[in-house]
Amino acid sequence: MSFTVSIQTQDFDVSQELAALRTGDARVGAVCSFLGTVRERNDGSSVASMALEHYPGMTEKSISAMMDEAKKRFDIFAARVIHRVGLLQPEDQIVFVAVTSAHRGESFKACEFLMDYLKTQAPFWKKEVTPEGARWVDARVSDDQALARWGIAATNTVAK
Amino acid sequence: MSGTLHVTLNINLKYFASIREAIGLGGESVVTQAATLQALRDELIARGGGYADALAHGRAVRMALNQDLCQESAALSEGCEVAFFPPVTGG
């Protein structure tokens, strides 16, 4: 199989994605995935909806680069990243990362690595609509720290 | 002439999220003599208004050159694409 990225407004079917990722590759003994969804509360406010903006071109380029890095670090066969953009509601699916490998350890690690990388290196921005008005979501220092665990310095939240 | 050669570059600028809103544009083409991302940022700050607010030093402004994240010291080239945006919040 392959390493593919989709940036899309439409929803996706997790079962179909998982089946497509491993079908035809009998080396696969493990499939790990992460699904991110819209929470109804964030930073103390209720969230009515969320608009996701991205940088077309750079988004795909940065996620392809992170997949190349994952291939170097982990013994994995295939990976799939889907990220939605546009207007989303609480409970909607936002992001999906799935990885296949022979044994679980490599795909567990690669899946977490890809999510940690995406959080601080892929150009997406969330704007929430709350009762207090619309607001851009703040980046978290803890996300920089998560990537640092893999030996990659992230400076997403650093002022300069 | 006293040494410094000023090369004029045509650059495509892109702005995203809160920086796009503050400036009021998604992008623009500029002609500049700035040699680095930092010099270009300073040139835009000097325009005042939303540019000065959004790109002020001390803010968490991230920059990409030809769609790769870059430090301010990165050198500009003819026809390059430069983007300014706040910290990313995907996932």
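Draft legend 1. Quick peek at the pairing of strand S3 (residues 62-65) of chain B. Residues and elements named next belong to chain B. Both faces of S3 are covered, namely the face carrying Arg62 and Ala64 and the face carrying Met63 and Leu65. Sheet topology note: the S3/strand S5 (residues 81-85) ladder contains four bridges and is antiparallel. Looking across to S5, one finds that Leu65 is bridged to Val82. Here S3 runs beside strand S4 (residues 68-70); their pairing, made up of three bridges, is antiparallel. Paired with Ala64 across the bridge in S4 is Leu69. Here S3 folds back onto S4, and the loop between the two strands holds two residues, one of which, Asn66, carries a positive phi near 50°.

Draft legend 2. Local environment of the interface of chain B and chain A. At the interface, 17 residues of chain B touch 25 residues of chain A. Listing elements by their share of the side of chain B that touches chain A, those giving two or more residues are helix H1 (17-23) and S5 of chain B. Each residue belonging to the side of chain B that touches chain A can be placed in one class, and the counts come to ten nonpolar, six polar and one charged.

Draft legend 3. Broad picture of the sheet that holds S5 of chain B. Residue and element names in this part refer to chain B. One open sheet accounts for five strands, arranged S2-S1-S5-S3-S4; its pairing is mixed. The sheet is open, and its two edges are formed by strand S2 (27-32) and S4, each paired on a single side. Averaged over all adjacent pairs, the angle separating strand axes in this sheet is 30°, with direction ignored. For strand S1 (residues 9-15) and S2, the ladder comprises six bridges, and the chain directions are antiparallel. Its bridge partner lying in S2, Lys14 is registered against Gly27.

Draft legend 4. Representation of the packing of helix H3 (residues 104-121) of chain A against helix H4 (residues 141-148) of chain A within the structure. All names here are of chain A. H4 packs onto H3 with a crossing angle of 135° between their chain directions and a minimal axis gap of 9 Å. Of the possible angle classes, the one that applies to H3 and H4 is oblique. Along this stretch, H3 crosses H4, giving a crossing that reads as left-handed. Here Asp116, Tyr117, Lys119 and Thr120 of H3 lie close against H4, whose contacting residues are Asp143, Asp144, Ala146 and Leu147. A per-class count over the contact of H3 with H4 returns three nonpolar, one polar and four charged.

Draft legend 5. A look at the packing of helix H2 (residues 58-73) of chain A against H3 of chain A. Residues and elements named next belong to chain A. Between H2 and H3, whose axes approach to 10 Å, the crossing angle comes to 150°. Classified by the angle their axes make, H2 and H3 are roughly antiparallel. In the crossing of H2 with H3, the sense of the turn from one axis to the other is right-handed. Here Ser62, Ile63, Met66, Ala70 and Arg73 of H2 come into contact with H3, specifically with Ala110, Phe113, Leu114, Tyr117, Leu118 and Gln121. Grouping the amino acids of the contact of H2 with H3 by side-chain chemistry returns eight nonpolar, two polar and one charged.

Draft legend 6. View of helix H2 (residues 37-45) of chain B. Among the residues of H2 of chain B, Leu37, Leu40, Arg41 and Leu44 of chain B are the ones counted as buried. One side of H2 of chain B carries all its buried residues, which in axial view fall inside an arc of 100°.

Draft legend 7. Local environment of the nonpolar core. Core analysis: the largest hydrophobic core is formed by 57 residues, its most contacted members being Ala70, Ala79, Ala110 and Leu114 of chain A together with Phe16, Ile19 and Ala83 of chain B. Those residues in contact with Ala70 of chain A, other than ones at most four positions away along the chain, are Ile76, Ala79, Ala110, Phe113 and Leu114 of chain A.

Draft legend 8. Region of interest: unusual backbone geometry. In the Ramachandran plot, Asp43 of chain A falls in the positive-phi region, its phi being about 45° despite a non-glycine side chain. Tracing the backbone shows Asp43 of chain A in the loop between strand S3 (41-42) and strand S4 (45-46). The class for Asp43 of chain A is exposed, based on 10 C-beta atoms found within 10 Å. The backbone phi angle of Ala17 of chain B is positive, close to 55°, even though this residue is not glycine. Along the chain, Ala17 of chain B falls in helix H1. Assessed through the 24 C-beta atoms surrounding it within 10 Å, Ala17 of chain B is described here as buried.

What counts and what doesn't
Residues numbered from 1 in each chain as written. Chains lettered and ligands numbered in written order. Predicted model: local features only at pLDDT ≥ 70, side-chain atom pairs only at ≥ 80, totals over all residues. Buried ≥ 20, exposed ≤ 12 C-beta atoms within 10 Å, placed from the backbone. Helix = DSSP H or I, 4+ residues; strand = E, 2+ residues; numbered from the N terminus. Pairing = 2+ DSSP bridges. Contact = placed C-beta atoms within 7 Å. Nonpolar A, V, L, I, M, F, W, Y, C, P; charged D, E, K, R; others polar. Axes fitted to C-alpha atoms, helices over the stretch in contact; angles between N-to-C directions. Parallel < 35°, antiparallel > 145°, perpendicular 65-115°, else oblique. Left-handed = near helix turned anticlockwise from the far one by under 90°. Arc of directions from axis to C-beta. Core = buried A, V, L, I, M, F, W, Y, C linked by C-beta atoms within 7 Å.

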